[in-house]
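Okay, here's what each chain looks like letter by letter:
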Amino acid sequence: VFRLPGTVFCFAPETDFPPLALGERTGPIVFGSINNAPKLNARTLRCYAGVLAAVPQSRLSLRAPSFVDDAAIEHFRAGLRAAGADLGRVDFHPPLPLPEMMAAFDDIDIVLDSVPYCGGTTTHQALWMGVPVVTMMGEGFAARMGASFLSAAGLTDLVATDDAGYLAVAEDLANDRARLADLRRNLRSRLIGHEAWNVVRHTRAIEDAMFAMARGGARRDADVQ
């Protein structure tokens with residue numbers, strides 16, 4: 001097994017997306033999710049409903065390709081209703097072109113990851129724009145991507161291990177306006193210096209691993225002969 005530095009994905013934006021407006025946001029906390037709708041299973045919706053209940057006056061903004069369809073919106077409204085969510089505090093949004101979607105992070109304070117199938121590219125996009133992500137580390141690759149990205153970003157305290165912990169992490173972060181403002185100002189600059197956000201360094205690491213495997217394979221073949 002050859003382990004690469006950084007994380008499984010190296011995020012290298014194709015466009016220089018402008019940073020979000022800096023400073024401390026006012027008004028109710030807005031939680032967001034931009035994961036594909038199939039990831040928003042009953043457990044994820046229960047987590048979202050619990051977070052809304054724990055943070056008074058907060059709102060939840062959901063954006064996904066499926067939400068161009070009224071029937072899909074009603075399906076997830078019903079799921080949130082069954083989970084006890086206040087639907088008056090939930091907004092559904094259709095997809096946007098990438099530049100507009102990245103700019104829309106300006107309206108979100110905290111991204112809530114899906115459980116157990118975490119976000120991949122969407123988590124990287126949120127972090128790049130200075131928006132923290134609350135995730136839960138489960139079993140298997142798809143359930144651990146978020147924990148990997150956040151650990152690389154130095155945000156291990158935003159990684160929960162169970163549903164109750166997920167709620168507590170989201171609540172604590174929502175109550176720390178100063179930290180949210182600091183992340184908007186400084187998170188991108190912190191990411192740039194890490195392997196997980198350095199495409200050249202990541203590519204060289206892949207090349208080095210392949211050369212090492214080729215050399216090792218040749219030696220093993222000679223031993224067999």
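What you are looking at is a predicted structure, and each value in this text was computed from that prediction instead of being measured.

Colleague: Give a description of a nonpolar patch on the surface that names residues and reports values.
Modeller: A contiguous nonpolar surface patch, about 440 Å² in accessible area, is contributed by F2, L4, I206, M210 and M213. Relative to the helices and strands, I206 resides in helix α8 (residues 199–224).

Colleague: Please set out the side chain of Q125 residue by residue, giving values where relevant.
Modeller: Mapped onto the secondary structure, Q125 falls in helix α4 (residues 121–128). Beyond its immediate stretch of four places on either side in the chain, Q125 contacts F11, I34, L98, M101, M102 and F105.

Colleague: Describe helix α1 (residues 42–54), with residues and values.
Modeller: For α1, which comprises 13 residues, the first-to-last C-alpha distance of 18 Å matches the rise-based estimate of 18 Å (1.5 Å per residue) to within 8%. For α1, every residue scored as buried is listed here: T44, L45, C47, Y48, A49, G50, V51 and L52. Put simply, N41 is the residue that caps the front of α1, since its side-chain oxygen is 3.2 Å from the backbone nitrogen of R43.

Colleague: How would you summarise the nonpolar core if you had to cite specific residues and measurements?
Modeller: Counting 64 residues, the largest nonpolar core has F31, F105, L112 and Y166 as the members making the most contacts within it. In terms of residue count, the dominant contributor to this core is α1 (6 residues). Apart from residues no more than four positions distant in its own chain, F31 is found in contact with V51, V55, S58, R59, L60, S61, I108, I110, L112, A170 and A174.

Colleague: So what about the confidence of the model for the protein chain? Which residues, and what values?
Modeller: Keep in mind that low pLDDT regions are not for reading the predicted coordinates in detail. Per-residue confidence for the protein chain averages 90 on the pLDDT scale, and 96% of its residues sit at or above 70. Across residues 218–225, confidence stays below pLDDT 50; counting only partners more than four residues off in sequence or on other chains, it has 0 contacts.

Colleague: Which residues make up the sheet that holds strand β3 (residues 90–93), and what values do they have?
Modeller: If you trace the 6 strands from one edge of the open sheet to the other, you get β3-β2-β1-β4-β5-β6, paired in parallel fashion. With one partner strand each, in any of the chains shown, β3 and β6 (159–160) form the two edges of the open sheet. Packing of helix α6 (residues 163–174) onto the sheet brings it into contact with β1 (30–33), β4 (110–112), β5 (133–136) and β6, and relative to β5 it is tilted by some 165°.

Colleague: Mind laying out the packing of aromatic side chains, listing which residues take part and the relevant values?
Modeller: The description of two aromatic rings rests on the distance between their centres and on the angle between their planes. According to the stated counting rule, one finds 4 aromatic pairs in the structure shown. Plain terms: the ring middles of F9 and F149 are 5.9 Å apart, the flat faces sit at 40° to each other, and that makes the pair tilted. With F9 in the segment before β1 and F149 in helix α5 (residues 145–152), the pair connects residues that are 140 residues apart, well separated along the chain. Taking the centre distance of 5.0 Å and the plane angle of 85° together, the rings of F67 and F92 count as edge-to-face. Of this pair, F67 sits in the loop between β2 (59–63) and α2 (70–82) while F92 is found in strand β3, placing the two residues 25 residues apart along the sequence. Note on accessibility: F67 and F92 belong to one class, buried. Taken together, the ring pairs connect F67, F76 and F92 into an aromatic cluster.

Colleague: Explain the pattern of salt bridges to me, using residue names and the numbers behind them.
Modeller: Tallying each qualifying case throughout the model produces 8 salt bridges. The closest approach of N and O atoms between D109 and R25, which form a salt bridge, is 2.5 Å. Here the residue D109 occupies a position in the loop between α3 (98–103) and β4, and R25 occupies one in the segment before β1, the gap between them amounting to 84 residues. Residue R25 is classed as partly exposed on the basis of its relative accessible area, which comes to 23%. With its nearest N and O atoms 3.2 Å apart, the salt bridge here joins R59 to D91. Within this pair, whereas R59 is found in strand β2, its partner D91 is found in strand β3, the two being separated by 32 residues in sequence. Residue class for R59 comes out partly exposed when judged on its relative accessible area of 26%. Through salt bridges with shared partners, a single network forms among E74, R77 and R81.

Colleague: Before we move on, can you summarise helix α7 (residues 177–192) with the specific residues and values?
Modeller: Here α7 is 16 residues long and its end C-alpha atoms lie 24 Å apart, about the 22 Å a rise of 1.5 Å per residue gives. Roughly 50° is the biggest bend found in α7, and it falls at N186. Residues of α7 that are buried include every one of L180, A181, L183, R184, L187, R188 and L191, and no others. The secondary structure elements touched by the buried residues of α7 are β4, α4 and α6.

Quick notes on the rules
Residues numbered from 1 in each chain as written. Predicted model: local features only at pLDDT ≥ 70, side-chain atom pairs only at ≥ 80, totals over all residues. Heavy atoms only, no water. Patch = residues over 30% accessible without salt bridge, like charges linked within 9 Å, V, L, I, M, F, W, Y side chains within 5 Å. Areas by Shrake-Rupley, 256 points an atom, 1.4 Å probe, with all protein chains shown as cover. Salt bridge = Lys/Arg side-chain N within 4 Å of Asp/Glu carboxyl O. Helix = DSSP H or I, 4+ residues; strand = E, 2+ residues; numbered from the N terminus. Contact = heavy atoms within 4.5 Å. Expected span 1.5 Å × (residues − 1). Buried < 20%, exposed > 50% of the residue type's maximum accessible area, 1.4 Å probe, protein only. Polar contact = N/O pair within 3.5 Å; in protein donor to acceptor, adjacent residues only side chain to side chain. Core = buried A, V, L, I, M, F, W, Y, C linked by side-chain atoms within 4.5 Å. pLDDT = per-residue confidence, 0-100. Pairing = 2+ DSSP bridges. Axes fitted to C-alpha atoms, helices over the stretch in contact; angles between N-to-C directions. Phe/Tyr/Trp six-rings, centres within 6.5 Å; stacked < 30°, edge-to-face > 60°. Bend = angle between axes of the 7 residues up to and from the residue.

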